[in-house]
Amino acid sequence: MTELDRLLVRQGGLVTRAQAIAYGVPARTVARRVSSGAWRNRHPGVYLVAGHRVTDETRVRAAWLWGGARSVVTAPAAAYWLGLRPGAPTEVVLAVPPVVQRAHRPGVRLRRRTLDPADRVVHRGIVVTAAPLTVLETAAVLPGSAGAVFLDRALQRWVSYDELYAAYCRVAGTSGIAAAARLLVAAGDRADSALERRLLRLLREARLPGLVRAVPFGPWTVDLAFPAARVAVEVDG
């Protein structure tokens, strides 16, 4: 098996013109294979070798290969790639630096933005947004209540609230993030409420005397308190 064959295996039958030439395939041979149909165009300079079918993985990887190494797969396509959601969306959204010159392609949308290194990871050979930002941006675009459901599931399985909040702070003010902020606040409220109910149940089961809920304290309200013992308990999910 040649090095090019190994590359094709790793990339699911995809190869770029630059990769093929780098692996020793002359430019005229690339052109001949494309014109004969042995290599099928997925995007300009990105080919799928005959015998390989188009899958969700093929579509996402081909979009990233076309976008280039400085591009980052984001939102639902990144969630699919990281295994957080089944199936890739029909449109792959790529974040690209403002200096990258690319026109939009069918099935691919570009967002010109610069991401913090903390929000980029290499996974299965391509660059995607890290899990916290992926969760936020995916939740923000899912319809109806699906975004909140996805965010809650992510908090239970894959990311912490602090990680989500840190990711939000790094992208605050960018297009589309306002919806993610609303979902994040609501998720925090739900986490706080669930944790407070659990703690209250445990304290009551322990039969500790003097427990009071929602105690006024200056301009604040203390979640749980034992006033006689001068003990206050704040719950933060």
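*Asks:* When you look at the pattern of salt bridges in this model, what are you seeing that I'm missing?
*Replies:* Under the definition given, this model contains eight salt bridges. One salt bridge connects Glu-57 with Arg-124, and the closest N-O pair in it is separated by 3.3 Å. Taken together, the residues span a long stretch of sequence, with Glu-57 in helix 4 (residues 56-67) and Arg-124 in the loop between strand 7 (120-123) and strand 8 (126-129) at a distance of 67 residues. Glu-137 is the partner of Arg-111 in a salt bridge, and the nearest nitrogen-oxygen pair spans 3.9 Å. With Arg-111 in strand 6 (residues 108-112) and Glu-137 in helix 6 (residues 131-141), this residue pair connects regions lying 26 residues apart in the sequence. Several salt bridges share partner residues, and in doing so they unite Glu-57, Arg-61 and Arg-124 into one network.

*Asks:* What should I look at first to understand unusual backbone geometry in this one?
*Replies:* Its identity as a non-glycine residue notwithstanding, Arg-124 has a phi of 50°, on the positive side. The phi torsion at Arg-230 lies on the positive side, around 55°, for a residue other than glycine. Tracing the sequence through the fold places Arg-230 in the loop between strand 10 (220-226) and strand 11 (231-233). Given the relative accessible area of 77%, Arg-230 is considered exposed.

*Asks:* What is the right way to read the sheet that holds strand 9 (residues 212-217) from this model?
*Replies:* Pairing between the strands of a sheet comes from backbone hydrogen bonds, and it takes one of two forms, parallel or antiparallel. Taken in spatial order, the three strands of this open sheet run 9-10-11, and their pairing is antiparallel. The strands lining the two open edges of the sheet, one partner per strand, are strand 9 and strand 11. Adjacent strand axes in the sheet meet at a mean angle of 55°, parallel and antiparallel pairs treated alike. Summarising the sheet, strand 9 and strand 10 pair through five bridges and their orientation is antiparallel. Considered in strand 10, the bridge of Phe-217 is made with Trp-220.

*Asks:* Just checking my understanding: could you explain the environment of Tyr-80 for this structure?
*Replies:* Of note, Tyr-80 is situated in helix 5 (residues 75-81). Those residues in contact with Tyr-80 that lie beyond four places of it in its chain are Asp-56, Glu-57, Val-60, Arg-85, Pro-86, Gly-87 and Ala-88.

*Asks:* When you look at the packing of aromatic side chains in this model, what are you seeing that I'm missing?
*Replies:* Aromatic ring pairs are described here by two measures, namely the spacing of the ring centres and the angle between the planes. Under the definition given, this model contains five aromatic pairs. Measuring from ring centre to ring centre gives 6.4 Å for Phe-217 and Trp-220, while their planes differ by 25°; the resulting arrangement is stacked. Accessibility assignment for this pair places Phe-217 and Trp-220 in one class, exposed. The ring of Trp-81 carries the charged tip of Arg-124 above its face, separated from the ring centre by 4.0 Å.

Each value, and the rule that gives it
- Residues numbered from 1 in each chain as written.
- Predicted model: local features only at pLDDT ≥ 70, side-chain atom pairs only at ≥ 80, totals over all residues.
- Heavy atoms only, no water.
- Salt bridge = Lys/Arg side-chain N within 4 Å of Asp/Glu carboxyl O.
- Helix = DSSP H or I, 4+ residues; strand = E, 2+ residues; numbered from the N terminus.
- Buried < 20%, exposed > 50% of the residue type's maximum accessible area, 1.4 Å probe, protein only.
- Pairing = 2+ DSSP bridges.
- Axes fitted to C-alpha atoms, helices over the stretch in contact; angles between N-to-C directions.
- Contact = heavy atoms within 4.5 Å.
- Phe/Tyr/Trp six-rings, centres within 6.5 Å; stacked < 30°, edge-to-face > 60°.
- Lys NZ or Arg CZ within 6 Å of the ring centre and 35° of its normal.

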